[in-house]
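Commentary on secondary and tertiary structure
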Amino acid sequence: MIKAIYPGSFDPVTNGHLDIIKRASKLVDKLVVSVLENPHKKSSLFTVEERIENLKLVTKDIKNIEISSFRGLLVDYAQQIDAQVIIRGLRAVTDFESEFQMALTNKSLFPNIETLFIPTSIEYLYLSSSTVKEIAMFGGNICGMVPCEIKESVLKKFRK
Ligand code: ADP
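Cut-offs applied
- Residues numbered from 1 in each chain as written.
- Predicted model: local features only at pLDDT ≥ 70, side-chain atom pairs only at ≥ 80, totals over all residues.
- Heavy atoms only, no water.
- Salt bridge = Lys/Arg side-chain N within 4 Å of Asp/Glu carboxyl O.
- Helix = DSSP H or I, 4+ residues; strand = E, 2+ residues; numbered from the N terminus.
- Buried < 20%, exposed > 50% of the residue type's maximum accessible area, 1.4 Å probe, protein only.
- Near = heavy atom within 4 Å.
- Polar contact = N/O pair within 3.5 Å; in protein donor to acceptor, adjacent residues only side chain to side chain.
- Areas by Shrake-Rupley, 256 points an atom, 1.4 Å probe, with all protein chains shown as cover.
- Nonpolar A, V, L, I, M, F, W, Y, C, P; charged D, E, K, R; others polar.

Going through the model one piece at a time under the given rule, you end up with eleven salt bridges. Of the charged contacts in the structure, one is a salt bridge between Arg71 and Glu37, with a shortest N-O distance of 2.6 Å. One end of the pair, Arg71, is in the loop between strand E3 (65-70) and helix H3 (74-80); the other, Glu37, is in the loop between strand E2 (30-36) and helix H2 (48-58), with 34 residues separating them in the sequence. Overall, the relative accessible area of 65% leaves Arg71 in the exposed class. Here Lys60 and Glu149 are joined by a salt bridge, their closest N and O atoms 3.9 Å apart. A residue pair is termed long-range when its members are at least 10 positions apart, and Lys60 in the loop between H2 and E3 and Glu149 in helix H6 (residues 148-159) qualify at 89 residues. Since its relative accessible area comes to 54%, Lys60 is described here as exposed. For Glu149, a relative accessible area of 39% puts it in the partly exposed group.

It is worth spelling out the site of the ligand at this point. Residues in contact with the ligand amount to 18 residues; listed here are only the nearest, Tyr6, Ser9, Gly89, Thr120 and Tyr124. A distance of 3.1 Å separates an oxygen atom of the ligand from a polar atom in the side chain of His17. Separating a nitrogen atom of the ligand from a backbone N or O atom of Leu127 is a distance of 2.9 Å. Protein chains bury 89% of the 530 Å² of accessible surface belonging to the ligand in isolation. Secondary structure elements with two or more residues in the shell around the ligand: strand E1 (3-8), helix H1 (15-25), strand E4 (85-90) and helix H4 (93-109). Each residue belonging to the shell around the ligand can be placed in one class, and the counts come to six nonpolar, eight polar and four charged.

Shown next, in the form of structure tokens:
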């Protein structure tokens, strides 16, 4: 059984993330999408619990998926849940350097793990959670950027 983990901040989950989730779920038996609890990042828009709820909502039709969160080293968590594969999405070349470095570091820490890069779909090439937040902050239209189910909850954060 191939179990994979797709880690990220998902603050908020975007259509770019969802595209990677859908494609990855077809390649493996079990996909664990896991929210990184980053103690150094104080300025998150959504709490970890809210991000988990949002992920559950937008992936409710995918059968072989599980949503979780983790703190500490990704490879430790991967080992703990018996995941053999790390899924990462690649956008423009700018992602490559840091993602490549991360993959090699993870491999040196835990040689049994493989990182699988999935290239973004062209329509999501320039889409990131930070872009969504910037547009939402100024009341712009985020349709097509985040799944419809969570659009209101993103906009609500900036109305407060
Ligand atoms: P962001 O970079 O948007 O803050 P995360 O830290 O949550 O997102 O990223 C988790 C993973 O999802 C990373 O591998 C990242 O490269 C990937 N990813 C983010 N946005 C996209 C996108 N639009 N298309 C493909 N992959 C993406």
